Amino acid sequence: MAFLHTTFIPLFLHVCLLSWSAWAKVELTMHESVEVYLGDSAQIPCQYRFTEANNEPSFVMIQWFVRAVGNSSRTRIFYGDDSQQMVDNNTDYSGRIEVTSDQQGTRLTIQNVQLSDEREFFCQVNGLAAGNAEGKTHLRVFAPPEAPVIEGVLTGILVTNELPSKVASCEARNGFPKPNITWYRNGMPLISAPGHVNMLILVTREFSGFYSVQNTLEYKVIKEDKDAHFSCEVSFFVPGAIRTVESNSINITVHYPTTMVELWKESPQGLVKEGDTVELRCQGDGNPPPPFIFNREQEQDVDLESSGDVLILSAVSRKDSGIYQCRPLDTDSYAEVKGEMQLTVHYLDPAVVVPKDSEVMLKGEDLTATCNALSSLKTSTVWYKNGKQVGKGNTLHLQDATYETTGEYTCEVTVPSLPTLHTSGSVHIIVQGGPQLVGVEQEVQLEEAAGRMVNLSCEAQGHPPPSISWNIVGSQNWHEVMNKANEHITHSVVSVKVTSDINALCNASNDMGTEVKAFSIKAIPMVTSTAPFSPAEGSGVIIVVIILCLLLLAILGSVLYFLHKKGKIPCGRSGKQEITKEKTTKDDIVVEMKTNTKNEEAVLLKAVNGDKIGPKDQVTIVVHE
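To start, this report covers the structure provided alongside it. As the structure is a prediction and not an experimental result, all values here were calculated from the model. (Residues numbered from 1 in each chain as written. Predicted model: local features only at pLDDT ≥ 70, side-chain atom pairs only at ≥ 80, totals over all residues. Heavy atoms only, no water.)

**Digging into the packing of aromatic side chains**
Where two aromatic rings form a pair, the distance of their centres and the angle of their planes describe that pair.
Then comes step 1: One pass over the structure, following the stated rule, counts 5 aromatic pairs.
Then comes step 2: On the basis of an interplanar angle of 80 degrees and a centroid distance of 6.1 Å, the ring pair of Tyr-48 and Phe-50 is categorised as edge-to-face. The same class applies to Tyr-48 as to Phe-50, namely buried.
Then comes step 3: Relative to Phe-230, the ring of Tyr-219 has its centre 5.6 Å away and its plane inclined at 70 degrees; by these criteria the two rings are edge-to-face. Placement of Tyr-219 in strand S17 (residues 211–219) and of Phe-230 in strand S18 (residues 230–238) is noted, with a sequence separation of 11 residues between them. Per residue, the accessibility class of Tyr-219 equals that of Phe-230, and both read buried.
Then comes step 4: Over the ring of Tyr-347 we find Arg-318; its NZ or CZ atom is 3.7 Å from the centre of that ring. (Phe/Tyr/Trp six-rings, centres within 6.5 Å; stacked < 30°, edge-to-face > 60°. Buried < 20%, exposed > 50% of the residue type's maximum accessible area, 1.4 Å probe, protein only. Helix = DSSP H or I, 4+ residues; strand = E, 2+ residues; numbered from the N terminus. Lys NZ or Arg CZ within 6 Å of the ring centre and 35° of its normal.)

In structure tokens:
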């Protein structure tokens, strides 16, 4: 009751003074709004001035009121005059506000601002007879929302859908006042457009007073959206400004039919030859990648067995050459969308050689051989005989054939642009003719010591292979030690014992003729080493002469050395010395040595070299008994 009484008296006086001073005036100034973050302190100033300087009030009463937005009733939260300052009890601001005043005005301070403090605050100044006035300020409270969360659809979106499809949703939670969401595609904002872009917005007021906003984007996708990036941006108010926060970007999966197909050869690299395994791969621009069917242009109704986007052709032949096609199964335009390529299987047929297998030609004739191999590429031909190159090109010319012409001729056919492709053929050339003795001598003369064995060799070429027979006169002791023949040459060797002069004939003959080779052997009796000889008489004579000379020199040296040791031969250069004793008998041995002043070593060298020993070079030993 005391509070009502004290309040009633000033109000009564105010009414009375207002009626007494109707012409008095008060100028009051307040901000239209004050902005503050949730949880901060808010200060609302109220400036006033009495217009009549001569009529300063002796009593000024200040009151603060609050009114919720959209509500007509208001509640007083503070009263103050010259004698007292009082915060009203049992209000939302009891214990949270503080009012300070001076001659220019008053200031309301609200601690720990809440979302519910977003209201209108009234400042009322009453100077009784000096006048009164009232003003208001709208307190605005701001709470930034959480960062936006974007979620794209997990399934693919078909471009063939007639209506916009859900692409993603974006949510911003716990903001105040209500935040706004904007969608972006590749950094460009999206604007709602019927039939193309729809945005479904759901706003939720939480129990705590915060706002949560969810925005769902519906978009009519096109093929190019497979690489597009979508993001959302939340914008919200803060004291004195507007701020934005952007979400991370997402990429959506777009499903679209195939409009272009490419077919190519995966392997082997380079040209294809018969026997290769060929792998063809087909790829289209559809998503997801569709399965494909393969066929040949010549047989479009026959589907080839394939695995997904790969067609494997094993051990291809030239019949597999042609145009291959692949078509996707995700499109209705079967005949329009396809990929195709030309496959060429290169080949090289076996070489055909003319003449075939073998050919017989007469000695002295000419022959032309050809080698051809059918190929899809340019070829190169080289002829070989016994591993050596004898010609190039498809044609081989053999002129003035000899027995050396006989043999196997091989043509190697290769493809320079495809080295692994090659073939070969051969022809066997046989040169036919009469016997032809090997060697330049048709008659051979020999001298050989009697009693020795001599080997006589006879070799003849020809076709048919010649046969060799021997006719030997002067020795019955002979036999054939070797006789071998091949397709064009025969070789025979006989061993003959020299007992007297021998005449031997080698007869080589075939159907084409006969050739004869004569051997004449002169028998030389075995004599001393002084007998002349020739290298053709055999190596045995030389050995005997050398041994005899060595023995003779050894005996001579021994005798001379013995006499020298006995002192019987004085040192000197006389050509002849007589060695005698004072007393001789008929039983004593007298040695008379005659020698030439030439070097004795010449005797041995000449004997070794097979030269005759002349009378001046001889050493004679005379023994007298």
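**Thoughts on the sheet that holds strand S40 (residues 467–473)**
Then comes step 1: The strand order across the open sheet built from 4 strands is S38-S44-S43-S40, with neighbouring strands paired in mixed fashion. Where the open sheet ends on each side, the last strands, each with one partner, are strand S38 (443–449) and S40. In this sheet, adjacent strand axes meet at a mean angle of 20 degrees when their direction is disregarded.
Then comes step 2: As paired strands, strand S43 (residues 502–510) and strand S44 (residues 513–524) are joined by 9 bridges and run antiparallel to one another. Note that in S44 the partner of Ser-509 across the bridge is Thr-514. (Pairing = 2+ DSSP bridges. Axes fitted to C-alpha atoms, helices over the stretch in contact; angles between N-to-C directions.)

**A closer look at the state of the cysteines**
Defined simply, a disulfide is a covalent bond joining two cysteines at their sulfur atoms.
Then comes step 1: By the definition in use, this model includes 5 disulfides.
Then comes step 2: A sulfur-sulfur distance of 1.9 Å marks the disulfide that ties Cys-282 to Cys-326. For the disulfide bridge between Cys-282 and Cys-326, the dihedral angle about the S-S bond is near 65 degrees, and by the sign convention the bridge is right-handed. With Cys-282 in strand S23 (residues 278–284) and Cys-326 in strand S27 (residues 322–328), this pair connects stretches of sequence that are 44 residues apart. Here the two residues Cys-282 and Cys-326 agree in accessibility, since each one is buried.
Then comes step 3: Across the disulfide from Cys-458 sits Cys-506; the S-S distance is 1.9 Å. Taking the sign of the S-S torsion, about -80 degrees here, the bridge from Cys-458 to Cys-506 comes out left-handed. Placement of Cys-458 in strand S39 (residues 453–463) and of Cys-506 in strand S43 is noted, with a sequence separation of 48 residues between them.
Then comes step 4: Disulfide connectivity for the protein chain, with bonded cysteines indexed by sequence position, reads 1-2, 3-4, 5-6, 7-8, 9-10. (Disulfide = S-S within 2.5 Å.)

**Regarding the pairing of strand S35 (residues 395–398)**
Then comes step 1: Residues Leu-396 and Leu-398 point to one face of S35 and are all buried, whereas Thr-395 and His-397, pointing to the other face, are not buried.
Then comes step 2: Two strands pair when backbone bridges link them, and strand S32 (residues 367–372) and S35 are joined in this way by 4 bridges, in the antiparallel orientation. When the bridges of S35 are listed, Ala-369 appears paired with Leu-396.

**A closer look at the sheet that holds strand S21 (residues 261–267)**
Then comes step 1: Taken in spatial order, the 3 strands make up an open sheet running S21-S23-S26, and their pairing is antiparallel. Since the sheet does not close on itself, it has two edges, and those belong to S21 and strand S26 (310–313), each with one partner. Between one strand and the next, the sheet's axes are offset by a mean angle of 20 degrees, whatever the strand orientation.
Then comes step 2: Sheet topology note: the S21/S23 ladder contains 6 bridges and is antiparallel. Looking at S23, one finds that Glu-262 is bridged to Gln-283.

**Here's the deal with unusual backbone geometry**
Then comes step 1: Residue Pro-355 follows Val-354 across a cis peptide bond; omega there is 5 degrees.
Then comes step 2: Within the element layout of this structure, Pro-355 appears in the loop between strand S30 (352–354) and strand S31 (357–362).
Then comes step 3: At Ala-315, a position not held by glycine, the phi torsion is positive, near 45 degrees.
Then comes step 4: Inspection of the secondary structure assignment puts Ala-315 in the loop between S26 and S27.
Then comes step 5: Looking at Ala-315, the relative accessible area reads 53%, which means it is exposed.
Then comes step 6: Backbone geometry places Asn-386, a non-glycine residue, at a positive phi of 55 degrees.

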